[in-house]
Amino acid sequence: MEAIVNDPAGAVIGLDFDGTLSPIVPDPAQAVIHPKAPGVLAELGARVRAVAIVTGRPAATALELGPGLADVPGLVVLGHYGFERWEDGRISAPPPPPGVPRAKAELPLLLESLGVRGVSIEDKRRAVAVHTRRSPDPEGTLEALREPLAKLAGEHGLVVEPGRMVLELRPPGMDKGQALSLFLAERSARSVMFVGDDLGDLAAFEAVRASGLPGVTVCSGSAEVTALAERADIVVDGPDGVVALLEELVSAIGGT
Ligand SMILES: O=P(O)(O)OC[C@H]1O[C@H](O[C@H]2O[C@H](CO)[C@@H](O)[C@H](O)[C@H]2O)[C@H](O)[C@@H](O)[C@@H]1O
């Protein structure tokens, strides 16, 4: 943290979206960014080398659920675990993987055959996510789905990304760690902070360590995921705690 405060012009600040900037809610479509997050990120964006949101969401969805984010100076959104990039109002991405619509088409029958209830499907075009948070037994249902979804993913050239009451079928070849490493190199970062809450953020934590830069990893803590807190330098209390930490950082850096 000291390196960031002493030399903010060289700092890259990476943040996850759901569970970090946006509180977890039962319905993914109803998620909304913490009301103070766009403001504090704008303050930060004006002071550091770059602010990047690295998320499993499509970049456009993160921006829709985060009104005000598009005004954060220099913001880059690396969506779909880094496959997609939003910057200056433009999105760039490789063509959507053909395995995703095929797997999605098979999902309803598979879920019916397994007899699982209260499960919802989120079509993200470049990936398809199966959510169990609103099922009568979210954890049990998640466990019951692990193997069949891994098989389905394999049949269509996809991998399963596990998350908070969600299993996502997505293309292989990119993760938040690779996305962050590439971004750090691109921006010639001299220090780095990454803030996350979920298993998919572990790769970004590893990228912080592997970068060899002065770096700090921050966990947006929850009772649901403990693996991240165990590996973080700092643990804060969910998105409220993340916003408070970012406010402290802005104030420690001082005026622009
Ligand atoms: O990388 P992230 O920004 O953390 O995105 C990961 C997944 O987040 C979303 O699901 C999670 O948040 C939902 C809304 O709070 C919650 O209902 C769900 O249980 C969580 O898993 C999103 O829906 C997924 O597409 C993202 O991949």
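Residues numbered from 1 in each chain as written. Predicted model: local features only at pLDDT ≥ 70, side-chain atom pairs only at ≥ 80, totals over all residues.

Caption draft 1: Representation of the nonpolar core within the structure. In this structure, Val12, Leu44, Val51, Ala52 and Val77 are the most contacted members of the largest nonpolar core, which totals 60 residues. The element best represented in this core is helix H9 (residues 238-253), accounting for seven residues. Sequence-distant contacts of Ala52, defined by excluding residues within four places in its chain, comprise Val12, Gly14, Val76, Leu78 and Phe183. Listed in part, the 16 residues of the second largest apolar core include Val119, Ala127, Leu145 and Leu169. (Core = buried A, V, L, I, M, F, W, Y, C linked by C-beta atoms within 7 Å. Buried ≥ 20, exposed ≤ 12 C-beta atoms within 10 Å, placed from the backbone. Helix = DSSP H or I, 4+ residues; strand = E, 2+ residues; numbered from the N terminus. Contact = placed C-beta atoms within 7 Å.)

Caption draft 2: Looking closely at the domain arrangement of the protein chain. Domains assigned within the protein chain are domain 1 (2-94 + 173-253) and domain 2 (99-170). On a C-alpha basis, the centres of domain 1 and domain 2 stand 26 Å from each other. Across the contact, 15 residues belong to domain 1 and 14 residues belong to domain 2. Looking at the side of domain 1 that touches domain 2 residue by residue, the classes come out as eight nonpolar, four polar and three charged. (Domains from an automatic or database assignment. Nonpolar A, V, L, I, M, F, W, Y, C, P; charged D, E, K, R; others polar.)

Caption draft 3: Broad picture of the environment of Ala70. Along the chain, Ala70 turns up in the loop between helix H3 (59-65) and strand E3 (76-79). Linking Ala70 and Ala42, residues 28 residues apart in sequence, is a C-alpha distance of 9.5 Å.

Caption draft 4: Representation of the sheet that holds strand E12 (residues 234-236) within the structure. If you trace the eight strands from one edge of the open sheet to the other, you get E5-E4-E3-E2-E1-E10-E11-E12, paired in mixed fashion. Each edge of the sheet is formed by a strand with only one pairing partner; in this case those strands are strand E5 (90-92) and E12. Going across the sheet, the axis of each strand differs from the next one's by a mean of 20 degrees, ignoring polarity. Note: strand E10 (residues 191-196) against strand E11 (residues 215-220), five bridges, orientation parallel. Counted as the bridge partner of Gly196 is Cys219 from E11. Along the sheet, helix H6 (residues 176-186) makes contact with strand E1 (11-15), strand E2 (50-54), E3 and E10, crossing E2 at roughly 165 degrees. Strands E1, E2, E10 and E11 of the sheet are contacted by helix H7 (residues 202-210), whose axis makes an angle of about 165 degrees with E10. (Pairing = 2+ DSSP bridges. Axes fitted to C-alpha atoms, helices over the stretch in contact; angles between N-to-C directions.)

Caption draft 5: Seen up close, the pairing of strand E7 (residues 128-131). Of the strand pairs in this sheet, strand E6 (residues 120-123) and E7 are connected by four bridges, and their pairing is antiparallel. Within E7, the position partnered with Glu122 by the bridge is Ala129. Hairpin connection, E6 to E7: the antiparallel pair is bridged by four residues, and Arg125 has positive phi, about 70 degrees. Pairing analysis gives four bridges linking E7 to strand E9 (residues 166-170), with the strands arranged antiparallel. If you follow Val130 over to E9, its bridge partner there is Leu167.

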